[in-house]
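Understanding the architecture of this molecule
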Amino acid sequence: MLIKLEIDTENIKRNLEKIKEINQNIICVLKDDAYGLGIESILPVLINEGCSYFATAYIGEALKIKNIVKREFPDKVGKISVMVLNYIEENELKKAVKNGIEITIFNFEQLEKYVRVLKNEERIKVHIKFNTGMNRLGFDEKETEKLIEKIKVIPDIDIMSIYSHISDVGNEKETEKQIARYERIVSIFDENEVKYGVKHIQASPLLFKYRGKYNYDFARVGMAIYGMEPLSEKTRLYPVVKLLLQENREMKKLLCYKWQNGPEQYRMTYLQNGIKE
């Protein structure tokens, strides 16, 4: 018996259409090796559909994207942007800058380390993350002016974006508070005439819960690309993963892993001796 995982690339395209109905400009999240499906399998589909901005959790994933682009899409070299969402170790920083990878800054200690390590390198492309309520990573709102003071004396830094992440889109009051904090932070940058590229706070849940209400320059989309429902209610995304059972040389459909998707409900249970529906 052999279980085979199959990726429905047509459904990836359909999900992209649904996403772009809300926000045309997206950063495709390929963290955790494209949510376990393999960057090498998902990236070409996204590029062929016109996507050009990607986010990963780690530097290794970002370098993998760059290498695939060089090998399979040489005409796209220099046109594909990749940002790393997590911390990059100091010994990997120069490699990131050399390969044009954009890095995320979320505290003062990290900023000072990065500037010290990269002081003789090319310009640093950074995304600044603020904690507006997720309480995971990011500068606090009260640190905004101090951060601006430090940024103003760094000569070789390009701020690619100012962004944040909503903690619970189902809590409308808390979501509104987080959006208000984000707006105040951005306004302080504007008042101090600090140049930055774009703004983004939408991930898949915020995008589908409020549609275009909180559209900024970009949306960071991961779950929705892969057909995973970002909300408790259905958004009618298309399932991307199928599991197939091969037995007696005949391939039979075992189940369609829909993540609460569509009119039919499938539940997958992992057992010691296999997988059952």
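Everything here concerns the structure above.
Residues numbered from 1 in each chain as written. Predicted model: local features only at pLDDT ≥ 70, side-chain atom pairs only at ≥ 80, totals over all residues. Heavy atoms only, no water.

If you walk through the whole model with that rule in mind, you get nine aromatic pairs. Between F130 and F139, the aromatic rings sit 5.9 Å apart at their centres with planes inclined by 50 degrees, giving tilted as the arrangement. With a centroid separation of 5.3 Å and 65 degrees between ring planes, the pair formed by Y210 and Y214 is classed as edge-to-face. The exposure class of Y214 is buried, given its relative accessible area of 10%. Cluster of aromatic residues (ring-pair linked, three or more members): F108, F130, F139, F189 and Y196. Geometry around Y238 places R14 over its ring, the cationic atom sitting 5.7 Å from the centre. When the ring centre of F108 is taken as origin, the NZ or CZ atom of K146, which lies over that ring, is 4.5 Å away. (Phe/Tyr/Trp six-rings, centres within 6.5 Å; stacked < 30°, edge-to-face > 60°. Buried < 20%, exposed > 50% of the residue type's maximum accessible area, 1.4 Å probe, protein only. Lys NZ or Arg CZ within 6 Å of the ring centre and 35° of its normal.)

So, on to the pattern of salt bridges. Using the criterion set out here, one finds 13 salt bridges in the structure. A salt bridge links D156 to R123; its shortest N-O distance comes to 3.6 Å. With D156 in the loop between α7 (144-152) and β7 (157-163) and R123 in the loop between α6 (108-117) and β6 (124-129), the pair connects residues that are 33 residues apart, well separated along the chain. With a relative accessible area of 31%, D156 lands in the partly exposed category. Each of E90, E109, K113 and R116 takes part in a single network of salt bridges with overlapping partners. (Salt bridge = Lys/Arg side-chain N within 4 Å of Asp/Glu carboxyl O. Helix = DSSP H or I, 4+ residues; strand = E, 2+ residues; numbered from the N terminus.)

Bringing the sheet that holds β7 into the picture now. Taken in spatial order, the eight strands of this closed barrel run β2-β3-β4-β5-β6-β7-β8-β9, and their pairing is parallel. For this sheet, the mean angle separating the axes of adjacent strands, direction not counted, is 30 degrees. Sheet analysis places strand β2 (residues 26-29) next to strand β9 (residues 218-221), joined by three bridges and oriented parallel. Bridge assignment links C28 to a residue of β9, and that residue is V221. Running over the sheet, helix α8 (residues 172-191) touches β6, β7 and β8 (198-202) and is turned about 155 degrees from β7. (Pairing = 2+ DSSP bridges. Axes fitted to C-alpha atoms, helices over the stretch in contact; angles between N-to-C directions. Contact = heavy atoms within 4.5 Å.)

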